[in-house]
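Residue strings, one per chain:
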Amino acid sequence: MRYISTRGGAQALAFDDAVLAGLAPDGGLYLPATWPVLDLATLTSLDYAHLTAAVLAPFAQPVIDAATLEAICTDAYRGFGHPDIAPLRPLKPGLWLLELFHGPTLAFKDFALQVLGRLFDHVLARSGQRITIIGATSGDTGSAAIEACRDRDAIEIFILHPKGRVSEVQRRQMTTVASANVHNIAIEGTFDDCQALVKAMFNDQAFRDRHALSAVNSINWARIAAQIAYYVWATVRLGAAADGVVFAVPTGNFGNVFAAWAGGAMGLPIRRLVIGSNRNDILTRFFATGEMKTGSVFPTLSPSMDIQVSSNFERYLFELYDRDPQAVRAMMTEFATAGCFHVDAAHFERCRQTFAALSLDDAATTETIARVYRESGVLLDPHSAIGVAAAEAACADGDGVPVVAVATAHPAKFAEAVRTATGVTPELPARLADLFAREERCATLPAELAAVERHIAATLAGRGAAA
Ligand SMILES: *Cc1c(COP(=O)(O)O)cnc(C)c1O
């Protein structure tokens, strides 16, 4: 499979190069040149890891063979805390919860990142390269990236978080990882400061080249590809391959729901995709009006969806306009300069045939957590609650096919919000029960580029001497 850019101005790449590159040099995102077709009948009997390997196989060939993918996926999902990896739990008639929070950091990002870290290592080992992953986090992504890259031979990882501004569980999930290739930096500043520093390091060409900087952000194609697997898994588990299925997905960046859309492009019988947003409702407003318009970001109970730009939407736009890179370029240029763009009536009609969207403010989110606990005894984290509310709306005007709400985080990760809504404190799984007793490792630095670059260079030099 070759990979092409949504903006049409970059050379087509093989799988390994597309994965290492992340963003295309023309500013676009990579997509497969064609959509492979799933053979659902052969997937029914596979366990989760083997099903993921089978979904990834056509995307990775001929660069990575099937046996290597099976080994990578088996290892990636070994550390998950549930034998089904992605269990489906019935919530009420016609409505299921797809629990994607049994990974090492208790959020769905583990599904893709556990595979991505191993893919990086495999590809780099073959070429003898080493890379330095640098990222900023407001909480969830940092710990998932660290867990994915820890102990990988060819990778050093530095994660910047705003000092004192992430929850204690989130901080400890990052700083208690004892692996020598993991480096945490608490920045005396905000999340925006952290992001600006990371951006500045990537823009410092000399620094970037000297240390082979790379990123694992959500625009990486391999992350989307690995996420397609759980939509396939849920569909075959429900025996819905013939009749169709609806997925409700809490999303901010459009990454998770685009993976569901991609499953549809590969042959999953998806009737409808329902997007759940919080007060940061740029996507909900788009699906109501056809206009994508950024605003300011408000902090909410579901912080992993507090964004104002849904970067993965560009992939859907490319498909909506029948893979016309010129149309995408025009809209993205308008978005960058004016902060908004819109799609014409005919294309908007097509969007609405596939997608519906619902946004919940914090009060409605809390109410949903409380009500679902009352009705079914299930504790939902705020992100998952938004997904369930979106799924319930789909059930209400649905056509009787199964509706699956995607649960993206474990309730114990957002214990305070869950306790406020239900009076119950969700417990951390046993494998994380000693999180508060583990030793932390973290540097503290001012929000100054020179200081951060100096620290990273010195740390890498020390690691090189040790290796
Ligand atoms: C990252 C995240 C999301 C949003 O994912 P998208 O990539 O924006 O679709 C939702 N819930 C949780 C718990 C997350 O960590």
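Up top is the structure these notes are about.
Here the residue numbering is sequential within each chain, running from 1 through the sequence in written order. Given that the model is predicted, a residue must reach a pLDDT of at least 70 before its local features are reported, and side-chain atom pairs must reach 80 or more before they are shown or counted; all residues, however, enter totals for whole chains, interfaces and linings. Heavy atoms from the whole structure form the basis of all side-chain values; hydrogens and water molecules are not counted.

Trainee: Mind showing me how you'd approach the overall build of the protein here?
Mentor: Counting its secondary structure elements, the protein contains 19 helices and 16 strands. What you see for the protein is a C-alpha radius of gyration of 21 Å, in line with the 23 Å of a compact globule of 467 residues. A principal-axis box enclosing the C-alpha atoms of the protein has dimensions of 65 × 55 × 50 Å. For the protein, with 467 residues in total, the buried portion stands at 56%. If you sum the accessible surface of the protein, you get close to 18000 Å²; carbon and sulfur atoms cover 52% of it. Charged side chains in the protein number 39 positive and 49 negative. The centres of these two groups are separated by 2 Å. Runs of E in the DSSP output that reach at least two residues are strands. Runs of H or I that reach at least four are helices, and both are numbered from the N terminus. We take the radius of gyration over the C-alpha atoms and set the globule estimate at 2.2 Å times the residue count to the 0.38 power. Three exposure classes are used, based on accessible area relative to the maximum for each residue type with a 1.4 Å probe and protein chains only: buried under 20%, partly exposed in between, and exposed over 50%. All accessible-area figures derive from a Shrake-Rupley calculation using a 1.4 Å probe, and residue coverage is judged against the displayed protein chains alone. When charges are tallied, Lys and Arg are placed among the positive residues and Asp and Glu among the negative ones, while His and the ends of the chain are skipped. One atom stands in for each charge, and that atom is NZ of Lys, CZ of Arg, CG of Asp or CD of Glu.

Trainee: Honestly, the site of the ligand in this entry has me stumped. Any pointers?
Mentor: Summary of the distance rule: residues count as near a molecule or strand when at least one heavy atom falls within 4 Å of that molecule or strand. Taken together, 15 residues surround the ligand, and among them Lys-109, Asp-140, Thr-251, Asn-253 and Thr-408 come closest. Asn-253 places a polar main-chain atom, nitrogen or oxygen, 2.6 Å from an oxygen atom of the ligand. Between the ligand and the protein, one listed contact pairs an oxygen atom with a side-chain N or O atom of Ser-304 at 3.4 Å. Expressed as a share of its isolated accessible area of 390 Å², the protein-covered part of the ligand is 96%. Lys, Arg, Asp and Glu make up the charged group, whereas Ala, Val, Leu, Ile, Met, Phe, Trp, Tyr, Cys and Pro make up the nonpolar group; the residues left over, Gly among them, are polar. In the shell around the ligand, the residues fall into 5 nonpolar, 8 polar and 2 charged. Contacts described as polar in this section are N or O atom pairs within 3.5 Å, which, within protein, must combine one atom able to donate a hydrogen with one able to accept it, while residues neighboring in sequence count only if both atoms come from side chains.

Trainee: Is there a simple way to explain the sheet that holds strand S16 (residues 443–446) in this structure?
Mentor: When DSSP finds two or more bridges between a pair of strands, those strands are recorded as paired. Ordered in space as S9-S6-S7-S8-S16, the 5 strands form an open sheet in which the pairing is parallel. Both edges of this open sheet fall to strand S9 (213–214) and S16, since each of them pairs with a single strand only. Two strands pair when backbone bridges link them, and strand S8 (residues 182–188) and S16 are joined in this way by 4 bridges, in the parallel orientation. Residue pairing for S16: Ala-186 is matched across the bridge by Thr-444. Contacts: residue pairs with any heavy atoms within 4.5 Å of one another. For helices, the fitted line uses only the C-alpha atoms of the stretch in contact; every axis is such a line through C-alpha atoms, and the angle between N-to-C directions lies from 0 to 180 degrees. Here helix H5 (residues 109–127) sits on the sheet in contact with strand S6 (131–136), strand S7 (155–162) and S9, set at roughly 145 degrees to S7.

Trainee: So what exactly am I meant to see when it comes to the packing of helix H12 (residues 282–289) against helix H15 (residues 345–354) here?
Mentor: Packed helix pairs are specified by the crossing angle of their axes together with the interaxial distance, meaning the distance between the axes. Interaxial distance between H12 and H15 falls to 9 Å at its minimum, and their mutual angle equals 120 degrees. Judged on the interaxial angle alone, H15 and H12 are oblique. In this structure, H12 uses Phe-286, Phe-287, Ala-288 and Thr-289 to contact H15, whose residues at the interface are Phe-348, Cys-351 and Arg-352. Partitioning the contact of H12 with H15 into residue classes produces 5 nonpolar, 1 polar and 1 charged. Throughout this description, any angle smaller than 35 degrees is read as roughly parallel, any larger than 145 degrees as roughly antiparallel, any in the 65 to 115 degree range as roughly perpendicular, and the remainder as oblique.

Trainee: Got a minute to help me understand the environment of Leu-449 in this structure?
Mentor: By the secondary structure assignment, Leu-449 is in helix H19 (residues 449–466). As for Leu-449 and Ile-4, which are separated by 445 residues in sequence, their C-alpha atoms are 34 Å apart. When residues no more than four places from it in sequence are discounted, the contact partners of Leu-449 are Leu-197, Ala-200 and Met-201.

Trainee: Even after reading the chapter, I still don't get the sheet that holds strand S3 (residues 30–32), so can you show me in this structure?
Mentor: Within a beta sheet, neighbouring strands are joined by backbone hydrogen bonds and run either parallel or antiparallel to one another. Here we have 3 strands laid out as an open sheet, ordered S2-S1-S3, and antiparallel in their pairing. A strand with exactly one partner marks an edge of an open sheet, and here the two such strands are strand S2 (13–14) and S3. When strand S1 (residues 2–5) meets S2, the two strands line up antiparallel, connected through 2 bridges. Bridging across to S2, Tyr-3 finds its partner in Leu-13.

Trainee: Got a minute to help me understand unusual backbone geometry in this structure?
Mentor: A negative phi angle is the norm for most residues apart from glycine, just as the trans form is the norm for most peptide bonds. Look at the link from Gln-61 to Pro-62: it is a cis peptide, with omega at 0 degrees. You can see Pro-62 is positioned in the loop between helix H3 (48–60) and helix H4 (66–76). A positive phi is found at Ile-85, a non-glycine position, where the angle reads about 65 degrees. Locating Ile-85 in the fold gives a position in the loop between H4 and strand S4 (88–92). The class of Ile-85 is buried, set by a relative accessible area of 10%. Positive phi, close to 50 degrees, is recorded for Asp-322, a residue that is not glycine. One can find Asp-322 in the loop between helix H13 (313–320) and helix H14 (325–338).

Trainee: What exactly am I supposed to notice about the side chain of Thr-365 here?
Mentor: Residue position: Thr-365 is located in helix H16 (residues 362–376). At 2.8 Å, the side chain of Thr-365 and the backbone oxygen of Asp-361 are in polar contact. Those residues in contact with Thr-365 that lie beyond four places of it in its chain are Leu-360, Pro-382, Ala-385 and Ile-386.

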